[in-house]
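Geometric and topological summary
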Amino acid sequence: MNHTISRRGFMAASGASLIPASAAISAPSADDDRLQACIIEIRDILKRQHPVVDEVHDNLSSNDDGTFLLSIQGTRRFEKYSGEGVYEVSVGRGTIAVYWLQRDVQRRMSDGSPIPGAEFFWGRRIIHGEFVEEATCVGWPRIVRKLEDWESRRPIE
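Everything in this summary refers to the structure shown in the same document.

Analysis parameters
Residues numbered from 1 in each chain as written. Predicted model: local features only at pLDDT ≥ 70, side-chain atom pairs only at ≥ 80, totals over all residues. Heavy atoms only, no water. Buried < 20%, exposed > 50% of the residue type's maximum accessible area, 1.4 Å probe, protein only. Helix = DSSP H or I, 4+ residues; strand = E, 2+ residues; numbered from the N terminus. Pairing = 2+ DSSP bridges. Patch = residues over 30% accessible without salt bridge, like charges linked within 9 Å, V, L, I, M, F, W, Y side chains within 5 Å. Areas by Shrake-Rupley, 256 points an atom, 1.4 Å probe, with all protein chains shown as cover. Salt bridge = Lys/Arg side-chain N within 4 Å of Asp/Glu carboxyl O. Phe/Tyr/Trp six-rings, centres within 6.5 Å; stacked < 30°, edge-to-face > 60°.

**Brief notes about the pairing of strand β3 (residues 85-91)**
Summarising burial for β3: six of the seven residues are buried, a large majority. Here β3 pairs with strand β4 (residues 95-107) via seven bridges, running antiparallel. Of the residues in β4, the one forming a bridge with Val-86 is Trp-100. Linkage of β3 to β4, two consecutive antiparallel strands, is achieved through a turn of three residues, within which Gly-92 is found at a positive phi near 60 degrees.

**Describing a nonpolar patch on the surface**
A contiguous nonpolar surface patch, about 370 Å² in accessible area, is contributed by Leu-35, Leu-60, Phe-68 and Leu-70. You can see Leu-35 is positioned in helix α2 (residues 30-49). Judged by relative accessible area, which is 37%, Leu-35 ranks as partly exposed.

**Let's talk about the packing of aromatic side chains**
Enumeration according to the criterion identifies three aromatic pairs in this entry. Here the aromatic rings of Tyr-81 and Tyr-87 are separated by 5.7 Å at their centres, their planes lie at 25 degrees, and the arrangement is stacked. Of the two residues, Tyr-81 and Tyr-87, neither departs from the other in class, the shared state being buried. When the centroid spacing of 5.0 Å and the interplanar angle of 65 degrees are considered together, the rings of Tyr-81 and Phe-121 count as edge-to-face.

Printed below as a string of structure tokens:
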């Protein structure tokens, strides 16, 4: 027995069966609203506790297997390089390390002018007032502050 269904009839039947499922997934619930309010409150508290933070980001993702991940991160602006010297630098996941830094700007051989974007930094790590490694390329350091008297860790005012 062959039954022919029109395209319009097929679309109506398909749409009708999908509407309840999609509406249930996308409809915000009271728990969603409460969760969002909690995340906003946590962001505000963390920003007050960490005044150096400029921006707080959050991300909530739900996985197909039923698990989830909530992350909240605060970011800050770092200082600009202000000449050769000793700096506190943020390394890894926010650990402070002390480095002697020197900027190296690549120049054109033809006229000696700087090549835009072709600069990098050399650094030597300092622990307990002693250099602990040879100078290495440190890329673009995240500078927390420059130290005037690095043995006493007194910042430049």
